[in-house]
Amino acid sequence: MNTKLSKMVGHFSRTGLLILVTLFASLSYADTINPQVLLEKVTKATFERIELEQTNIQANPDQLRVIIEQELMPHIDHKFAAFKVLGSQFRSVPKDKIPEYVDEFREYLVSNFAVVLSSYGGQELLFEPVKSAENQDDMTVKAIIRKAGNPDIRISFKLRKNKKTQEWKTYDLVAEGISLLSSKRNEFASIIRQQGIEAVIDVMRSKNNKPLNIASNTN
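Keep in mind that this is a model prediction, so the values were computed, not measured. (Residues numbered from 1 in each chain as written. Predicted model: local features only at pLDDT ≥ 70, side-chain atom pairs only at ≥ 80, totals over all residues. Heavy atoms only, no water.)

*Asks:* I would appreciate a short explanation of the overall build of the protein in the present structure.
*Replies:* Scanning the protein from terminus to terminus reveals 8 helices and 5 strands. Along the chain direction, N to C, the helices and strands of the protein fall in the order α-α-α-α-α-α-β-β-β-β-β-α-α. Expressed as a percentage of its 219 residues, the buried residues of the protein come to 48%. In the protein, of all internal contacts separated by at least 6 residues, the share reaching a separation of at least 24 is 64%. As displayed, the protein offers around 11400 Å² of accessible surface, 49% of which is attributable to carbon and sulfur atoms. (Helix = DSSP H or I, 4+ residues; strand = E, 2+ residues; numbered from the N terminus. Buried < 20%, exposed > 50% of the residue type's maximum accessible area, 1.4 Å probe, protein only. Contact = heavy atoms within 4.5 Å. Areas by Shrake-Rupley, 256 points an atom, 1.4 Å probe, with all protein chains shown as cover.)

*Asks:* I keep staring at the side chain of S111 and nothing clicks. Help me out?
*Replies:* Looking at the secondary structure, you find S111 in helix α6 (residues 98–117). A polar atom in the side chain of S111 sits 3.2 Å from the side chain of R65. (Polar contact = N/O pair within 3.5 Å; in protein donor to acceptor, adjacent residues only side chain to side chain.)

*Asks:* What is the right way to read the nonpolar core from this model?
*Replies:* Most often, soluble globular proteins keep nonpolar side chains buried together rather than apart. In this structure, Y101, F105, I197 and V200 are the most contacted members of the largest nonpolar core, which totals 34 residues. Mapped by element, the contributors of at least two residues to this core are α2 (35–52), α4 (63–72), α5 (78–86), α6, α7 (180–195) and α8 (197–208). Counting residues per element, this core draws most heavily on α6, at 9 residues. Those residues in contact with F105 that lie beyond four places of it in its chain are H78, A81, A82, V85 and M204. Core analysis: the next-biggest nonpolar cluster, separate from the first, contains 15 residues, L39, V141, F157 and L173 among them. (Core = buried A, V, L, I, M, F, W, Y, C linked by side-chain atoms within 4.5 Å.)

*Asks:* Even after reading the chapter, I still don't get the pattern of salt bridges, so can you show me in this structure?
*Replies:* Side chains bearing opposite charge may pair, as long as their charged atoms lie close to each other. Counted according to the given criterion, the structure contains 12 salt bridges. One salt bridge in this structure joins R146 and D152, with 2.7 Å as the shortest N-O distance. For the salt bridge of R205 with D202, the shortest nitrogen-to-oxygen distance reads 3.3 Å. Pair noted here: R205 and D202 are both in helix α8, with a separation of 3 residues, about one helical turn. Classification of R205 as partly exposed rests on a relative accessible area of 27%. (Salt bridge = Lys/Arg side-chain N within 4 Å of Asp/Glu carboxyl O.)

*Asks:* Just checking my understanding: could you explain the environment of F113 for this structure?
*Replies:* Counting through the fold element by element, F113 comes out in helix α6. Here F113 falls in the buried class, since its relative accessible area comes to 1%. On a C-alpha basis, the gap between F113 and I68 in space is 7.5 Å, while along the polypeptide they are 45 residues apart.

All quantities given are derived from atomic positions and should not be read as evidence of function.
This is how it looks when you write it as structure tokens:
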């Protein structure tokens, strides 16, 4: 990964992913409700809960994991995201390892979200005008992350509708042209080629097992 891309991914993981985390929750409502409207409602509800539980979070940072599990994860298409991250490497992964990989990837999302949420504060999210989702199975919602003293960050949320349940769920975020899933695909692909899927699972498990330390994530 070149220096510019590395910096962009780092910036993405500290700011863009924060908003992804709060918005990834979404869309377990009837598809008659516009998913973009739901994104905005979920943002407000999630931030309000974080503010309400600040005392508990300061005493026990892992409370952020609880919030994520309860508010976000039931509505993230983590399986679809996990397979998208594997990309062309999917065929090289033993079938008996897929369930373990998907489970660990789900917890990896929780861990990353918790780290970024620990540094929440002061961001404003401005959505583009609401557009119709009628007759669509896939949707991109654009927005801007704004914070005083910092340049605006342009982001796009990728959503898809489950054909069986008719539920909308978010599966990716693109921040300043960099996709979360694509960056993880690039990171994991070389590991899979050189060491196999077990090494990727170990990388994710190592992060998942680390206690959340909010003191180190306050910039």
